[in-house]
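If you want the building blocks of each chain, they are given just below.
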Amino acid sequence: MTNRTTVSFRVKDKGGPSGGHSLSKSVPAFDWEGFKRTPNAEEFVKKAYFAAVKKIMREVEESKNGTVESDLDSVEAVIARALSFTKDDIRDWIKTRDWSKASQVRDISKVLPEIEKHLPDLATRRNPFSTEVSAKIADKIIAAVADDPDPIAEFLFTALTTQRSQDPELLPL
């Protein structure tokens, strides 16, 4: 018998017949190793991947959601762009870290207010840090305080280290 979990969510008010209702069902829990052995799992992931690629392509074409051409430069960039973590997700992640693990940073108490202030901006696909500062934050801070596994840390690391093309509205005329 497979492990089960409960998934609950609220359908948007304009979401058809179920609009405005909360739905909850017991479903099979996600098990990565078991998933990979499931018939057609690879095809399922491939279709989901190309659906995400098409959505990113459309957003680039329409200059939407801060999506830029470089979001299609690698599988890692596509996955990071397709995943959605909110500013609150990132703020909560920051609150739960053991900052003493960032031992390569001389005085983390001086850096932490800037991290708390600016790191959540990565949820909106805006990196407020220079390339050099981004690399240092990724290597010396994010990698040091990450759990294993840690999807938000991996998202932040990718967002900080993936070279992004300029946003269309920021290009000089």
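None of these values were measured; they are calculated from a predicted model.

1. Quick look at the packing of aromatic side chains
Line of reasoning, step 1. In total, this model carries 7 aromatic pairs according to the counting rule given.
Line of reasoning, step 2. Plain terms: the ring middles of Phe-35 and Phe-44 are 6.0 Å apart, the flat faces sit at 70° to each other, and that makes the pair edge-to-face.
Line of reasoning, step 3. Plain terms: the ring middles of Trp-93 and Trp-99 are 6.4 Å apart, the flat faces sit at 90° to each other, and that makes the pair edge-to-face.
Line of reasoning, step 4. Here Trp-93 falls in the buried class, since its relative accessible area comes to 4%.

2. Quick word on empty space enclosed by the protein
Line of reasoning, step 1. Applying the stated rule across the entire model yields 1 cavity of 30 Å³ or more.
Line of reasoning, step 2. Lining the largest cavity we find 13 residues, and of these Asp-71, Ala-80, Arg-125, Ala-159 and Arg-164 sit closest to its centre.
Line of reasoning, step 3. Elements with a minimum of two residues in the lining of the largest cavity: helix H3 (75-82) and helix H7 (151-161).
Line of reasoning, step 4. Split by residue class, the lining of the largest cavity holds 5 nonpolar, 3 polar and 5 charged.

3. Remarks on the packing of helix H2 (residues 41-61) against H3
Line of reasoning, step 1. For the pair H2 and H3, interaxial distance at closest approach is 10 Å and the crossing angle is 80°. When the axes of H2 and H3 are compared, the pair comes out roughly perpendicular. Contact residues: Tyr-49, Ala-52, Val-53, Ile-56 and Glu-59 in H2; Val-75, Val-78, Arg-81 and Ala-82 in H3.
Line of reasoning, step 2. Of the residues contributing to the contact of H2 with H3, the split by class is 7 nonpolar, no polar and 2 charged.

4. Some words on helix H4 (residues 87-95)
Line of reasoning, step 1. Those residues of H4 lying buried are Ile-90, Trp-93 and Ile-94. Viewed along the axis of H4, the buried residues span an arc of 100°, placing them on a single side of the element.
Line of reasoning, step 2. On its buried face, H4 is in contact with helix H5 (108-118), helix H6 (131-145) and H7.

5. Structural notes on the nonpolar core
Line of reasoning, step 1. By size, the foremost hydrophobic cluster in this structure holds 26 residues, and its most contacted members are Trp-93, Trp-99, Leu-119 and Leu-156.
Line of reasoning, step 2. Mapped onto this core, the elements with two or more residues apiece are H4, H5, H6 and H7.
Line of reasoning, step 3. When residues of this core are assigned to their parent elements, the largest contribution, 6 residues, is made by H7.
Line of reasoning, step 4. Ignoring anything within four residues of it in the chain, the contact list for Trp-99 reads Trp-93, Ile-94, Ile-108, Leu-112, Ile-115, Ile-141 and Val-145.

6. A word on the pattern of salt bridges
Close approach of charged atoms lets side chains of opposite charge pair.
Line of reasoning, step 1. Scanning the model with the defined rule gives 13 salt bridges in all.
Line of reasoning, step 2. Across the pair Glu-59 and Arg-81 runs a salt bridge whose closest N-O atoms are separated by 2.9 Å. Residue Glu-59 is located in helix H2, and its partner Arg-81 is located in helix H3; the two are separated by 22 residues in the primary sequence. A single burial state applies to Glu-59 and to Arg-81, both of which are buried.

7. Focus: the packing of H4 against H7
Line of reasoning, step 1. The interhelical angle for the contact between H4 and H7, taken along N-to-C directions, is 110°, at an axis separation of 10 Å. What the angle tells us is that H4 and H7 run roughly perpendicular. Contacts between H4 and H7 involve Asp-89, Ile-90 and Trp-93 from the former and Ile-152, Ala-153, Phe-155 and Leu-156 from the latter.
Line of reasoning, step 2. Classifying every residue of the contact of H4 with H7 by side-chain character gives 6 nonpolar, no polar and 1 charged.

8. Quick look at the environment of Ala-41
Line of reasoning, step 1. You can see Ala-41 is positioned in helix H2.
Line of reasoning, step 2. Residue Ala-41 is classed as buried on the basis of its relative accessible area, which comes to 6%.
Line of reasoning, step 3. Not counting chain neighbours up to four residues away, the residues in contact with Ala-41 comprise Phe-35 and Lys-36.

How each quantity is defined
- Residues numbered from 1 in each chain as written.
- Predicted model: local features only at pLDDT ≥ 70, side-chain atom pairs only at ≥ 80, totals over all residues.
- Heavy atoms only, no water.
- Phe/Tyr/Trp six-rings, centres within 6.5 Å; stacked < 30°, edge-to-face > 60°.
- Buried < 20%, exposed > 50% of the residue type's maximum accessible area, 1.4 Å probe, protein only.
- 1 Å grid on protein atoms, 1.4 Å probe; cavity = no way out; pocket = protein on both sides within 12 Å on 5 of 7 lines; lining within 4 Å.
- Points joined across faces, edges and corners; volume = space filled by probe spheres on them.
- Helix = DSSP H or I, 4+ residues; strand = E, 2+ residues; numbered from the N terminus.
- Nonpolar A, V, L, I, M, F, W, Y, C, P; charged D, E, K, R; others polar.
- Axes fitted to C-alpha atoms, helices over the stretch in contact; angles between N-to-C directions.
- Parallel < 35°, antiparallel > 145°, perpendicular 65-115°, else oblique.
- Contact = heavy atoms within 4.5 Å.
- Arc of directions from axis to C-beta.
- Core = buried A, V, L, I, M, F, W, Y, C linked by side-chain atoms within 4.5 Å.
- Salt bridge = Lys/Arg side-chain N within 4 Å of Asp/Glu carboxyl O.

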